[in-house]
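Chains, contacts and geometry: an overview
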Amino acid sequence: MSETPKPAATFIRIAEDGHPWLLGSRCSACDAVFVGAREHCGRCGQRSAMGAVRLGECGRLHSFTIVSRSYPGIRVPFVSAIVDLEGGGAIKGNLLEVPPDPARLPFGMPVRVVFRDAGEANPEAAGHVAHFFVPAEGRTDG
């Protein structure tokens, strides 16, 4: 990655110490959590009730698809996953370090968020920081 990494998505923030994290919003009326900055709650409809939160770094595999065909330059196959994060919020991203085999991808599998150069998924995105998921080996509290 470059000396000054750039976030690959609007909900990725980079702390002063250089460590990336995921930005979310929590509703003060119903406690719903969403990825990214929001003004209004998508669950209860409250307006101007959202506050910024740092999203969890661990979660569980909710759903996935194995992508076998993609745009030119994108390495396939890969696992595109939706993860329910600890503390709330659900987020989509690529699941790494697991074979793209449904038998190796149990629903509810503990995972953790990692940040890497986006060029790992798309060579044209090199120099941007993206979020990915990896198995959280040994975790049982998910």
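See the structure shown above.
Being a predicted model, the structure only gives us computed values, none of them experimental.

**Topic: the overall build of the chain**
Counting its secondary structure elements, the chain contains zero helices and 10 strands. In the chain, the succession of α and β elements from N to C terminus is β-β-β-β-β-β-β-β-β-β. Against the compact-globule benchmark of 14 Å for 142 residues, the chain has a radius of gyration of 16 Å, which places it among compact chains. In terms of principal-axis extent, the alpha carbons of the chain reach across some 40 × 35 × 30 Å. Within the chain, the proportion of its 142 residues that are buried is 40%. Considering only contacts within the chain whose residues lie at least 6 apart along the sequence, 47% involve residues at least 24 apart. Looking at the chain as shown, the accessible area adds up to about 8,300 Å², and 50% of this sits on carbon and sulfur atoms. Averaged over its 15 positive side-chain charges, the chain has a centre that lies 6 Å from the centre of its 15 negative ones.

**Topic: the packing of aromatic side chains**
By the definition in use, this model includes one aromatic pair. Over the aromatic face of Phe34 sits the side chain of Arg38, whose NZ or CZ is 4.0 Å from the ring centroid.

**A few points about the nonpolar core**
Leu22, Leu85, Leu95, Leu105, Met109 and Phe133 are the most contacted members of the largest nonpolar core, which has 21 residues in total. Mapped onto this core, the elements with two or more residues apiece are strand S6 (58-67), strand S7 (78-85), strand S8 (90-95), strand S9 (110-117) and strand S10 (128-135). For this core, the element with the most residues is S7, which contributes four residues.

**A closer look at the pattern of salt bridges**
Within the structure shown, the criterion is met by three salt bridges. Arg54 serves as the salt-bridge partner of Glu57, at 4.0 Å between the closest nitrogen and oxygen. Judged by relative accessible area, which is 47%, Glu57 ranks as partly exposed. The salt bridge partner of Arg116 is Glu97, with a shortest N-O separation of 2.7 Å. Of this pair, Arg116 sits in strand S9 while Glu97 sits in the loop between S8 and S9, and the two are 19 residues apart along the sequence. Here Glu97 falls in the exposed class, since its relative accessible area comes to 56%.

**Comments concerning the environment of Ala81**
The topology assignment puts Ala81 in strand S7. Once you skip the residues sitting within four places of it in the chain, Ala81 turns out to touch Leu61, Ser63, Phe64, Ile91, Lys92, Gly93, Leu95 and Phe133.

**A closer look at the side chain of Ser25**
Turning to its location among the elements, Ser25 is positioned in strand S3 (residues 20-27). The class of Ser25 is buried, set by a relative accessible area of 3%. Of the polar contacts made by the side chain of Ser25, one reaches the backbone nitrogen of Arg38; its length is 3.0 Å. Residues in contact with Ser25, not counting those within four places in the same chain, are Ala32, Val33, Phe34, Gly36, Ala37, Arg38, Met50, Gly51 and Val53.

What counts and what doesn't
Residues numbered from 1 in each chain as written. Predicted model: local features only at pLDDT ≥ 70, side-chain atom pairs only at ≥ 80, totals over all residues. Heavy atoms only, no water. Helix = DSSP H or I, 4+ residues; strand = E, 2+ residues; numbered from the N terminus. Rg over C-alpha atoms; globule rule 2.2 N^0.38 Å. Buried < 20%, exposed > 50% of the residue type's maximum accessible area, 1.4 Å probe, protein only. Contact = heavy atoms within 4.5 Å. Areas by Shrake-Rupley, 256 points an atom, 1.4 Å probe, with all protein chains shown as cover. Lys, Arg positive; Asp, Glu negative; His and termini not counted. Charge placed at Lys NZ, Arg CZ, Asp CG, Glu CD. Phe/Tyr/Trp six-rings, centres within 6.5 Å; stacked < 30°, edge-to-face > 60°. Lys NZ or Arg CZ within 6 Å of the ring centre and 35° of its normal. Core = buried A, V, L, I, M, F, W, Y, C linked by side-chain atoms within 4.5 Å. Salt bridge = Lys/Arg side-chain N within 4 Å of Asp/Glu carboxyl O. Polar contact = N/O pair within 3.5 Å; in protein donor to acceptor, adjacent residues only side chain to side chain.

Remember, this is a structural readout, not a statement about activity or role.
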